[in-house]
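Listed here are the chains, written in short residue letters.
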Amino acid sequence: MTDQVPATTTPLLEVEDLAVEFTTPDGVVRAVDGLSYSVTPGRTMAIVGESGSGKSVSSLAVMGLLQMPPARIVRGSIRFKGEDLLGLGPARHRAVCGEHVAMVFQDALASLNPVHTVGWQLTEALRARRGLSRRDAGKQAVELLDLVQVPHATQRVKEYPHQFSGGMRQRVMIAMALALDPEVLIADEPTTALDVTVQAQIMRLLGEIQAERQMGLVLITHDMGVVANVADDVTVMYAGRAVEQASVFDVYAAPAHPYTRALLRSIPRLDQKGGGLAVIPGRPPDPTSVPDGCPFHPRCERAEDICRVDPPPPSIPLPYDRTAACHFAEEVMNDARG
Ligand SMILES: Nc1ncnc2c1ncn2[C@@H]1O[C@H](COP(=O)(O)OP(=O)(O)O)[C@@H](O)[C@H]1O
Ligand code: SF4
Ligand SMILES: [Mg+2]
């Protein structure tokens, strides 16, 4: 988190009105439906939402890694430093991202090559990317493992992925991504499979490296608790849409969307022993039949008749440069202020 970097710096990555559909035997899945966000150097955008809300699909679209078909980008633009990536065609799109944008996936074991040592994999990435000699790349591989705080890095570069614990493997994945020296790093639930303490350590580490390198970080998570400590800005996603966008400070001070409010209530708090943890009733909608009106209405405690019929405008502007997609956004926000 870097408060000293003004939000007005030219964006590295800009996603605008992105919509992605899948054609399936059960119908069309609108996985992402009008998502916009941007990331500037040295800032962290958290994308938060329950499972199935379109977080991974939107990131794969950004990277040019969606399999098309069955996926189809039906609207929108993705720009890197002003260059329209979708206009470049898939191969150039992937090449530009390969050079400037890196992604850390949720499942480190599946993303690392089991038959090569961690050191070999880092060394190959560094040689291919930076044209380093084998010897220099080997040295940098150790430095990168040091950077992500893998103890005894000189020894551990000689080991295979399965010899690392889950937390240490995630650190290796982050080191792999950093070997590419990206300007933007997209971390897709990088700590979800790990225990809470390790999660916190890795998130803090990511934040530190990001600030030091002035990367733009897109941090995907389903855990609103993670957001408070690491991110500058938040995009809350529900059923493929951005339902609230604001600075972390403003969202915590007063959420403007009932879904955000419910997510905030569901953060486990260390000072609340046993029980007391609110869960959001119901489930996210079936992606092939999203309800009419506001997609959140069957689960919303604030819903009124209009919500069952009229979809709220996608981003109602609110004070402090924030937006929310709720008919009653301003009231919800003012209620939260008390
Ligand atoms: N290959 C696919 N075919 C059909 N539907 C898919 C495919 N991949 C993802 N989806 C659907 O797209 C929606 C968004 O998925 P995803 O982005 O993975 O969610 P999240 O990362 O937020 O958990 C989900 O409803 C999911 O079922
Ligand atoms: S528009 Fe209505 S149903 Fe949707 S979040 Fe707002 S109050 Fe709830
Ligand atoms: Mg996902």
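Reading the values: rules and limits
- Residues numbered from 1 in each chain as written.
- Chains lettered and ligands numbered in written order.
- Predicted model: local features only at pLDDT ≥ 70, side-chain atom pairs only at ≥ 80, totals over all residues.
- Heavy atoms only, no water.
- Near = heavy atom within 4 Å.
- 1 Å grid on protein atoms, 1.4 Å probe; cavity = no way out; pocket = protein on both sides within 12 Å on 5 of 7 lines; lining within 4 Å.
- Sits in = over half its atoms within 2 Å of the grid points.
- Polar contact = N/O pair within 3.5 Å; in protein donor to acceptor, adjacent residues only side chain to side chain.
- Areas by Shrake-Rupley, 256 points an atom, 1.4 Å probe, with all protein chains shown as cover.
- Helix = DSSP H or I, 4+ residues; strand = E, 2+ residues; numbered from the N terminus.
- Nonpolar A, V, L, I, M, F, W, Y, C, P; charged D, E, K, R; others polar.
- Core = buried A, V, L, I, M, F, W, Y, C linked by side-chain atoms within 4.5 Å.
- Buried < 20%, exposed > 50% of the residue type's maximum accessible area, 1.4 Å probe, protein only.
- Contact = heavy atoms within 4.5 Å.

J.: Is there a simple way to think about the site of ligand 2 in this case?
T.: Taken together, the residues surrounding ligand 2 are H257, P258, C294, F296, H297, C300, R302, A303, C307, C326, H327 and F328. When atoms are counted within 2 Å of each cavity's grid points, the one that captures over half of ligand 2 is the largest cavity.

J.: What is the right way to look at the site of ligand 1 in this model?
T.: Surveying the vicinity of ligand 1 reveals 13 residues, the closest of which are G52, G54, K55, S56 and V57. Separating an oxygen atom of ligand 1 from a backbone N or O atom of G54 is a distance of 3.1 Å. One of the side-chain nitrogen or oxygen atoms of S56 is found 2.9 Å away from an oxygen atom of ligand 1. Notes on ligand 1: free accessible area 570 Å², of which the protein chains cover 67%. Top contributing element to the shell around ligand 1 by residue count: helix α1 (residues 55-63), with 3 residues. Split into classes, the residues belonging to the shell around ligand 1 amount to 5 nonpolar, 6 polar and 2 charged.

J.: In this structure, what is going on with the nonpolar core? I would like to understand it.
T.: Nonpolar side chains in soluble globular proteins generally cluster together in the buried interior. Of all hydrophobic cores here, the largest spans 40 residues; its most connected members are L122, L145, V148 and L185. At the level of elements, β6 (101-104), α4 (118-130), α5 (134-147), α7 (166-179), β7 (184-188), α8 (196-213), β8 (216-221) and α9 (224-230) are the ones that each hand at least two residues to this core. Considering every element that reaches this core, the biggest residue donor is α7, with 9 residues. Leave out the neighbours within four places in its chain, and L185 touches A102, M103, V104, A177, L206, M215, G216, L217 and V218. With 33 residues, the next largest nonpolar core counts V15, L18, Y37 and V39 among its residues.

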